[in-house]
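So you can see what is in the structure, the chains are spelled out below.
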Amino acid sequence: MRIDGFSLLFTLTIISSLSVFSHAQPWMPNLPLGFPDLSGLGIGQFGGNNPFLGSILGYQQAGPFCEGSQVSISCPDSTLIQIQNVFYGRQDTSTCTIAGNGDTTNTRCSAFNAISDFGNQCNGRKTCSFPLNGAVVADPCPSTATYAMVTYSCTAAQSNQLREVSACQGESVTLSCDGGKVLSIAKGFYGRQYYDVCPINGTASSSSSSSTNYRCSSSDADSKIKSKCSGQTSCSVTFNSQSFQDGCQSTSKYGYIQYSCVPKPICGGDTVSLTCPAGQVLAIASAFYGRTDNTFCPTGSSSSSS
């Protein structure tokens, strides 16, 4: 049996650290099975006193965010937020003791789905911001003065050629490609996920309302946008309930389209002509004949493939 030296050293380091730091830090929640408890490793708030292990795991802490305040998390350029763990509730009597916020003696209060709700607002974004008031993330114990602690990492953003356009409910966007290229739609969305996109104040359907649905998306927006725009040199889309199914009528919505510009495909039955300037000859780098999606060269058109 082969024992890797670094793995053995790392394991011994963890065991040694756990024996020294036998009590959990006050900011660290009771973590679910499978989540690495960093409290015993000396990785305290904002990096703690063990930068070596902190740099290996790549985790950062934010908070405490007291009830009624704004949760705000950000990552450096070219990196995106990935929520690793969240505690939302109360587990001590000393954190966020703000007069009028509620009882501070209930120290056995925690939100079960906090990591999912926080991730819904922040994962895959450079920055995220939303109020901790029960509207975006359900308050686990309304009569208690709650707070949140967030453990997150900043992961490298995937480099790609996708562009994105977005607009608030009732507005339109126009996509276009030049140089003989056409639109290829990666994703179309109409609904609401993020608190801090297209906020609307002073109405019953405000994005800060407790009735707002932050997991709302139209079931046909993606397919309709792809059908309308894929293969076109330009395309305009209006984000409203006349264009797409509305799954949450009382919620103010927005829409976005992720797309790229690609060479125009040659449909089955069409003829292609390739030419080079004088003194140059053709060299075919690659060619494809078949089908990889259902957006280009739709069946039933004059240029459909068989």
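Residues numbered from 1 in each chain as written. Predicted model: local features only at pLDDT ≥ 70, side-chain atom pairs only at ≥ 80, totals over all residues. Heavy atoms only, no water.

1. A few points about the packing of aromatic side chains
The relative placement of two aromatic rings is captured by the distance of their centres and the angle of their planes.
Next, step 1: For the structure on display, the rule yields 9 aromatic pairs.
Next, step 2: On the numbers, 5.0 Å between centres and 20° between planes, the contact of F189 with Y256 is stacked. In this pair, F189 is assigned in strand 9 (residues 181-192) and Y256 in strand 12 (residues 254-263), connecting sequence segments 67 residues apart.
Next, step 3: On the basis of relative accessibility, which here comes to 9%, the residue F189 falls in the buried class.
Next, step 4: Taking the centre distance of 6.3 Å and the plane angle of 20° together, the rings of Y190 and F239 count as stacked. Of this pair, Y190 sits in strand 9 while F239 is found in the loop between strand 11 (234-238) and strand 12, placing the two residues 49 residues apart along the sequence.
Next, step 5: In this structure F239 comes out as buried when scored by relative accessible area, which is 0%.
Next, step 6: What links up through ring pairs into an aromatic cluster is the set Y88, F118 and F130. (Phe/Tyr/Trp six-rings, centres within 6.5 Å; stacked < 30°, edge-to-face > 60°. Helix = DSSP H or I, 4+ residues; strand = E, 2+ residues; numbered from the N terminus. Buried < 20%, exposed > 50% of the residue type's maximum accessible area, 1.4 Å probe, protein only.)

2. What to know about the layout of surface pockets
Next, step 1: Space inside the largest pocket adds up to approximately 660 Å³.
Next, step 2: If you go around the largest pocket, you meet 24 residues; those closest to its centre are P265, I266, C267, F288 and Y289.
Next, step 3: Taken together, the residues that form the lining of the largest pocket break down as 14 nonpolar, 6 polar and 4 charged.
Next, step 4: Estimated volume of the second largest pocket: approximately 560 Å³.
Next, step 5: What lines the second largest pocket is a set of 17 residues, and nearest its centre among them are G124, R125, E164, Y194 and Q258.
Next, step 6: Elements with a contribution of two residues or more to the lining of the second largest pocket: strand 7 (163-168) and strand 12.
Next, step 7: Classifying every residue of the lining of the second largest pocket gives 7 nonpolar, 6 polar and 4 charged. (1 Å grid on protein atoms, 1.4 Å probe; cavity = no way out; pocket = protein on both sides within 12 Å on 5 of 7 lines; lining within 4 Å. Points joined across faces, edges and corners; volume = space filled by probe spheres on them. Nonpolar A, V, L, I, M, F, W, Y, C, P; charged D, E, K, R; others polar.)

3. Focus: the sheet that holds strand 6 (residues 147-156)
Next, step 1: An order of 1-6-3-4 is seen for the 4 strands of this open sheet, with the pairing classed as antiparallel. Because the sheet does not close on itself, it has two edges, and the strands there are strand 1 (59-66) and strand 4 (109-110).
Next, step 2: The sheet contact formed by strand 3 (residues 79-90) and strand 6 spans 10 bridges and is antiparallel. Residue pairing for strand 6: N85 is matched across the bridge by T151.
Next, step 3: Together, strand 3 and strand 6 form the strand contacts of helix 3 (residues 114-122), whose direction differs from that of strand 3 by roughly 145°. (Pairing = 2+ DSSP bridges. Contact = heavy atoms within 4.5 Å. Axes fitted to C-alpha atoms, helices over the stretch in contact; angles between N-to-C directions.)

4. Here we look at unusual backbone geometry
Next, step 1: Following G63, the chain continues into P64 via a peptide bond in cis, with omega recorded as 5°.
Next, step 2: Relative to the assigned elements, P64 resides in strand 1.
Next, step 3: The phi dihedral of S78 is positive, around 70°, even though this residue is not glycine.
Next, step 4: Within the fold, S78 resides in the loop between strand 2 (70-74) and strand 3.
Next, step 5: Even without being a glycine, C96 presents a positive backbone phi close to 55°.
Next, step 6: Looking at the element boundaries, C96 is found in the loop between strand 3 and strand 4.

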